Amino acid sequence: MKLLSMLAAVFLAASPAFADGDHPMTDGTVTKVDAKWNKVTIDHGPLENLDMPAMKMVFVVADPAMLDGLSEGSKVRFVADRMNGKLTVTEIEVQ
Ligand SMILES: [Cu+2]
């Protein structure tokens, strides 16, 4: 039973239809990718879960692999949250 629910969780996480999760995804445009420091600068719309208005700012990424496929000018949808005190991208997809 445990294994089955784990598999279900993996399946749900991998399915774009469920990507919204707890937080709605926010639109943004990547303006800089910093692979050395696992950071990405995003010109983003309002982030309701962080009570943040639209702005351009630097985020840490939860997983360095998230930077693959991102480049200056990429249109993205993403979720950000505070992790260990740092504003961190927890999900991101290129439009
Ligand atoms: Cu911001």
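Preceding this paragraph is the structure being described.
Residues numbered from 1 in each chain as written. Predicted model: local features only at pLDDT ≥ 70, side-chain atom pairs only at ≥ 80, totals over all residues.

Draft legend 1. Just the overall build of the protein, in detail. On a plain count of helices and strands, the protein comes out with one helix and five strands. Looking at the protein residue by residue over its 95 residues, the buried ones come to 18%. Restricting the contact set of the protein to residue pairs at least 6 apart, pairs at least 24 apart contribute 45%. (Helix = DSSP H or I, 4+ residues; strand = E, 2+ residues; numbered from the N terminus. Buried ≥ 20, exposed ≤ 12 C-beta atoms within 10 Å, placed from the backbone. Contact = placed C-beta atoms within 7 Å.)

Draft legend 2. Up close: the pairing of strand S1 (residues 26-34). Sheet analysis places S1 next to strand S4 (residues 75-83), joined by four bridges and oriented antiparallel. In the sheet register, aspartate 27 faces S4, and the bridge partner there is arginine 77. By the bridge criterion, six bridges tie S1 to strand S2 (residues 39-44) in an arrangement that is antiparallel. Note on S2: the bridge partner recorded for valine 33 is valine 40. Once S1 ends, the chain turns through four residues before running back antiparallel as S2, passing asparagine 38 with a positive phi of about 55°. (Pairing = 2+ DSSP bridges.)

Draft legend 3. Region of the structure containing the nonpolar core. Counting 14 residues, the largest nonpolar core has Val40, Ile42, Phe59, Phe78, Ala80 and Val89 as the members making the most contacts within it. Where this core is concerned, the elements lending two or more residues are S2, strand S3 (55-61), S4 and strand S5 (86-94). If you tally residues by element for this core, the top one is S4, at four residues. Beyond its immediate sequence surroundings of up to four residues, isoleucine 42 is in contact with Gly28, Thr29, Val30, Thr31, Met57, Phe59, Val76 and Phe78. (Core = buried A, V, L, I, M, F, W, Y, C linked by C-beta atoms within 7 Å.)

Draft legend 4. Representation of the environment of aspartate 63 in the model. Mapping aspartate 63 onto the fold places it in the loop between S3 and S4. When the C-alpha atoms of aspartate 63 and valine 89 are compared, they prove to be 8.6 Å apart, with 26 residues separating the residues in sequence.

Draft legend 5. Expanded view of the sheet that holds S4. One closed barrel holds the five strands; their spatial order is S1-S2-S3-S5-S4, and the pairing between them is mixed. Put simply, the sheet's adjacent strands are angled 55° from each other on average, direction ignored. (Axes fitted to C-alpha atoms, helices over the stretch in contact; angles between N-to-C directions.)

Draft legend 6. Spotlight on unusual backbone geometry. Phi at aspartate 51 is positive, roughly 55°, even though this residue is not glycine. Mapped onto the fold, aspartate 51 is located in the loop between S2 and S3. When the 7 C-beta atoms within 10 Å are taken as the criterion, aspartate 51 is described as exposed. Residues other than glycine seldom take positive phi values, yet asparagine 84 does so here, at roughly 50°. Structurally, asparagine 84 is set in the loop between S4 and S5. Residue class for asparagine 84 comes out exposed when judged on the 6 C-beta atoms lying within 10 Å of it.

Draft legend 7. Quick peek at the pairing of S3. Strand direction decides the pairing type here: S2 and S3, joined by six bridges, are antiparallel. Considered in S3, the bridge of threonine 41 is made with valine 58. In this structure, S3 lies alongside S5, joined through two bridges in parallel fashion. Considered in S5, the bridge of valine 60 is made with threonine 88.

Interpretation note: all reported values are geometric properties and have no functional meaning in isolation.
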